[in-house]
There are 2 protein chains.
Amino acid sequence: MDAPFLLACKRQPAPHTPVWFMRQAGRSLPEYRAIRGTGSILTAIAEPDLAAEITLQPVRRYGVDAAILYSDIVVPVHAIGFGVDVAPGIGPVIAEPFRSKDDLARLRPLVPEEDTPYVLETIRTLARELPDAVPLIGFAGAPFTVASYLIEGRPSRTYALTKSMMHAEPALWDALVDRLADLALASLRSQVSAGARAVQVFDSWAGALSPVDYRDRVLPATRRIFEGLADLDVPRIHFGVGTGELLGLMAGAGADVVGIDWRVPLDEAWRRVGPDKGVQGNLDPAVCLAPWPVVAAEAKRVLAEAAAAGRLGHIFNLGHGVLPETDPDTLARLVELVHGG
Amino acid sequence: MDAPFLLACKRQPAPHTPVWFMRQAGRSLPEYRAIRGTGSILTAIAEPDLAAEITLQPVRRYGVDAAILYSDIVVPVHAIGFGVDVAPGIGPVIAEPFRSKDDLARLRPLVPEEDTPYVLETIRTLARELPDAVPLIGFAGAPFTVASYLIEGRPSRTYALTKSMMHAEPALWDALVDRLADLALASLRSQVSAGARAVQVFDSWAGALSPVDYRDRVLPATRRIFEGLADLDVPRIHFGVGTGELLGLMAGAGADVVGIDWRVPLDEAWRRVGPDKGVQGNLDPAVCLAPWPVVAAEAKRVLAEAAAAGRLGHIFNLGHGVLPETDPDTLARLVELVHGG
């Protein structure tokens, strides 16, 4: 029988609701902090043994139904030499941000076996070591979110420069997001070839956009990624935060499963993405900092809202990544609850 | 005849769609930068002549239909000695954040004439100087957003500590937001007595919450503010960012007008808040950084969406504050467009 996670992605009956957590590998785990060191995440990602071990840690500890490649959305642009680093406590920082047509030349196509051999080696290791019931999810950033880092040069609250380029130079913007779509697609196809059994595309900050801007300037490039993966027969997950008003549009991008944050009740979210999609989510990560009875009650509410939709295809997850302050025991109990409930 | 802004707030026919901009007074204006200096905004607010002049600047320049008191949501907690400052480029910072029951004692009631005489003096000056057609809007922070600063100690992206307290210590949380509601109410009542002809309550970060948390832990205290203003017969505006999923609940808080950000089309937003409310919004402030034809097209879309709702009571505004990079000429043309359109 297929893994429960894959069954749910295909909206087929599964023995239990599958569960995994975005950022399940990471700073909330003492075993992660023990081996991770203090350097850039990009250095850690480039060490296949370390990256594989970090990916495996939460699988061992929690018994989650999927592993997610330890990676970062800027890996491909970093690998082709755009000049990106990830500063601890800040996020992606770009020495020379993307500002004009000339910068397009800095975004050549990705040749995965040459540019990111360490990613593929990590995945091959994981494909050997993970049990068949726990598929590995590949990882890429969506064009808007990656573009926002390249243009702003660092994390932003307003996306002023990003939106300025989108509005003032739509042709340049479209060329940029098309190249970023190509990078994501090449990376994801190579990840699947190496052994990833599903993929998730992170458009974490798409929720900053109006529906019109999303539809006209972001959706087409994003759709190219999912269409370019269609022949591979792996579930495709599409994730963003604060995307309540975009869910209907995002459904049109072509993923099999849409990630939902805690702002939209799951049954309503499922109505918006339509019956031919699975949904993933949507517990508020901050709830996991509360005492267990609060966590349990909220998790049961999420499960009940998913059940209220009366459909197959719910994957339990948080609505965004695990907060570093989270007690791992809470996540362990959460997995038990979801599996038992 | 009443001022167009007040007519729209009451959903009565107005000679034109009224328009003003959140943060219309501020860093985007050269005349503001010329007189403002570099210190904390709290120092500037405490100088009535300066604060009144800053409030008047955009009225003179743009011909907007309302003035908004130059203020900050932390003014009342600062005035009662909680130990708050507003750090330029960062936002509110708290030396000793709110962490436990003992901290409630640091939140005594506000006595506006004694604690914030400068606010009242500023308003009295403005009431004399503003034309009758341009009402002054009073200003207060809503309990959730102010609480988030008091608890986090500085601006946050995750609100982890805030939500932790909300979930782990609901009684303490409720006591905190009740006190913050009392502060906002006392401040707003005094502002109206001094000459404010409308009020806006800023719950800028409420959109970080799930609908359940908003309903159970934020709505009751917020409602007390609007109910406590009901006898004053001034329009009450309720504003937040990313509140698409909360609009129906926010409508129940009792304001006359609900502020909408650019994530929800105005006609859909109006459907959610219901026919007995006005709506204010909702151009993306980042659009104002684009060339004029883009700004004009987007502004016309906003006006068309408001018209599509087929109701009276639209006040044109941005979906959040004016970005400092904005060219004032763009806002001047926007006022012309809205008045002419």
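All names here are of chain A. Across the six residues that make up strand 4 (residues 136-141), a large majority, six, are buried. Burial along strand 4 is two-sided: the residues Leu-136, Gly-138 and Ala-140 and Ile-137, Phe-139 and Gly-141 are all buried. Here strand 1 (residues 67-68) pairs with strand 4 via two bridges, running parallel. Note that in strand 4 the partner of Ala-67 across the bridge is Leu-136.

Here we come to the interface of chain B and chain A. Taken together, the 35 residues of chain B in the interface contact 35 residues of chain A. Together, the buried faces of chain B and chain A total about 2700 Å²; carbon and sulfur atoms form 55% of this surface. Taken as a group, Arg157(B), Glu245(B) and Arg263(B) account for 22% of the area that chain B buries against chain A, more than any other trio of residues on that side. Between the two partners, chain B and chain A, sit four salt bridges. Lys163(A) is the partner of Asp284(B) in a salt bridge, and the nearest nitrogen-oxygen pair spans 2.8 Å. Connecting chain B to chain A are 12 residue pairs in polar contact (both at pLDDT 80 or more). For the side of chain B that touches chain A, the elements supplying multiple residues, two or more each, are helix 9 (160-168), helix 11 (211-228) and helix 14 (292-308) of chain B. In terms of residue count, the dominant contributor to the side of chain B that touches chain A is helix 9 of chain B (five residues). Here the side of chain B that touches chain A is composed, by residue class, of 19 nonpolar, seven polar and nine charged.

Glancing now at the relation of the copies chain B and chain A. Between the two copies of the chain lies a rotation about an axis combined with a shift along it. With an RMSD of 0.0 Å, chain B superimposes on chain A once it is rotated by 180° and translated 0.0 Å along the axis. Considering both components of the superposition, the chain copies are consistent with a two-fold axis.

All names here are of chain A. The contact between helix 4 (residues 48-62) and helix 7 (residues 117-129) brings their axes to 8 Å, and the two run at 45°. By the criterion of interaxial angle, the relationship of helix 4 to helix 7 is oblique. Crossing of helix 4 over helix 7 shows right-handed handedness. Contacts from Pro-48, Ala-51, Ala-52, Thr-55 and Leu-56 of helix 4 reach helix 7 at Tyr-118, Glu-121, Thr-122, Thr-125, Leu-126 and Glu-129. The residue inventory of the contact of helix 4 with helix 7, partitioned by class, reads six nonpolar, three polar and two charged.

For the coordinates displayed, the defined rule picks out 12 aromatic pairs over all chains. Measuring from ring centre to ring centre gives 6.1 Å for Phe21(A) and Tyr62(A), while their planes differ by 85°; the resulting arrangement is edge-to-face. Remark: Tyr62(A) occurs in helix 4 and Phe21(A) occurs in the loop between helix 1 (4-9) and helix 2 (30-36); sequence separation between them is 41 residues. Since its relative accessible area comes to 5%, Tyr62(A) is described here as buried. Considering the side-chain rings of Phe144(B) and Tyr159(B), the 6.1 Å spacing of their centres and the 50° angle between planes classify their relative orientation as tilted.

Glancing now at the environment of Arg23(B). Counting through the fold element by element, Arg23(B) comes out in the loop between helix 1 (4-9) and helix 2 (30-36). When neighbours within four sequence positions are excluded, Arg23(B) is seen to be in contact with Gly321(B) and Val322(B).

A general tendency of soluble globular proteins is for nonpolar side chains to be buried together. By size, the foremost hydrophobic cluster in this structure holds 132 residues, and its most contacted members are Phe5(A), Val77(A), Phe98(A), Leu107(A), Leu150(A), Leu176(A) and Leu334(A). Of all the elements, helix 10 (residues 170-194) of chain A adds the most residues to this core, at 12 residues. When neighbours within four sequence positions are excluded, Leu150(A) is seen to be in contact with Val77(A), Phe82(A), Ile94(A), Pro97(A), Phe98(A), Leu107(A), Leu176(A) and Leu180(A). In this structure, Leu50(B), Leu130(B), Ala206(B) and Val287(B) belong to the second largest nonpolar core, which totals 130 residues.

Our focus in this paragraph is the pattern of salt bridges. A side chain of one charge can pair with a side chain of the opposite charge when the charged atoms of the two come close. Inspection of every chain in the model, using the stated rule, returns 40 salt bridges over all chains. Among the ionic pairs, Arg271(A) bridges to Glu268(A), the shortest N-O distance being 2.8 Å. Residue Arg271(A) and its partner Glu268(A) are located together in helix 13 (residues 266-273), separated by three residues, close to a single helical turn. Judged by its relative accessible area of 55%, Arg271(A) is exposed. Close ionic contact of Asp256(B) with Arg236(B) constitutes a salt bridge, the shortest N to O distance being 2.9 Å. With Asp256(B) in the loop between helix 12 (247-251) and strand 7 (257-259) and Arg236(B) in strand 6 (residues 236-239), the pair connects residues that are 20 residues apart, well separated along the chain. For Asp256(B), a relative accessible area of 23% translates into the label partly exposed. Classification of Arg236(B) by relative accessible area gives buried; the value is 13%. Because the salt bridges share partners, they merge into one network encompassing Glu245(A), Glu268(B), Arg271(B) and Arg272(B).

Let us now look at the pairing of strand 9 (residues 314-318) of chain A. All names here are of chain A. The buried fraction of strand 9 is high, at five of five residues. Relative to strand 9, strand 8 (residues 278-283) runs parallel, the two being bridged by five bridges. When the sheet's bridge partners are listed, Gln-280 is paired in strand 9 with Ile-315. What joins strand 8 to strand 9 is helix 14 (residues 292-308), and the crossover it makes is right-handed.

Moving on to the environment of Ala198(B). Residues and elements named next belong to chain B. Within the secondary structure, Ala-198 is located in strand 5 (residues 198-202). Measuring from C-alpha to C-alpha, the distance between Ala-198 and Glu-96 comes to 33 Å, with 102 residues separating the pair along the chain. Here Ala-198 is in contact with Phe-5, Leu-136, Ile-137, Gly-138, Val-234 and Pro-235, once residues within four sequence places are set aside.

The rules we used
- Residues numbered from 1 in each chain as written.
- Chains lettered and ligands numbered in written order.
- Predicted model: local features only at pLDDT ≥ 70, side-chain atom pairs only at ≥ 80, totals over all residues.
- Heavy atoms only, no water.
- Buried < 20%, exposed > 50% of the residue type's maximum accessible area, 1.4 Å probe, protein only.
- Helix = DSSP H or I, 4+ residues; strand = E, 2+ residues; numbered from the N terminus.
- Pairing = 2+ DSSP bridges.
- Contact = heavy atoms within 4.5 Å.
- Buried area = accessible area lost by both parts, 1.4 Å probe.
- Salt bridge = Lys/Arg side-chain N within 4 Å of Asp/Glu carboxyl O.
- Polar contact = N/O pair within 3.5 Å; in protein donor to acceptor, adjacent residues only side chain to side chain.
- Nonpolar A, V, L, I, M, F, W, Y, C, P; charged D, E, K, R; others polar.
- Least-squares fit on C-alpha atoms with pLDDT ≥ 70 in both.
- Axes fitted to C-alpha atoms, helices over the stretch in contact; angles between N-to-C directions.
- Parallel < 35°, antiparallel > 145°, perpendicular 65-115°, else oblique.
- Left-handed = near helix turned anticlockwise from the far one by under 90°.
- Phe/Tyr/Trp six-rings, centres within 6.5 Å; stacked < 30°, edge-to-face > 60°.
- Core = buried A, V, L, I, M, F, W, Y, C linked by side-chain atoms within 4.5 Å.
- Right-handed = clockwise from strand over helix to strand, strands pointing away.

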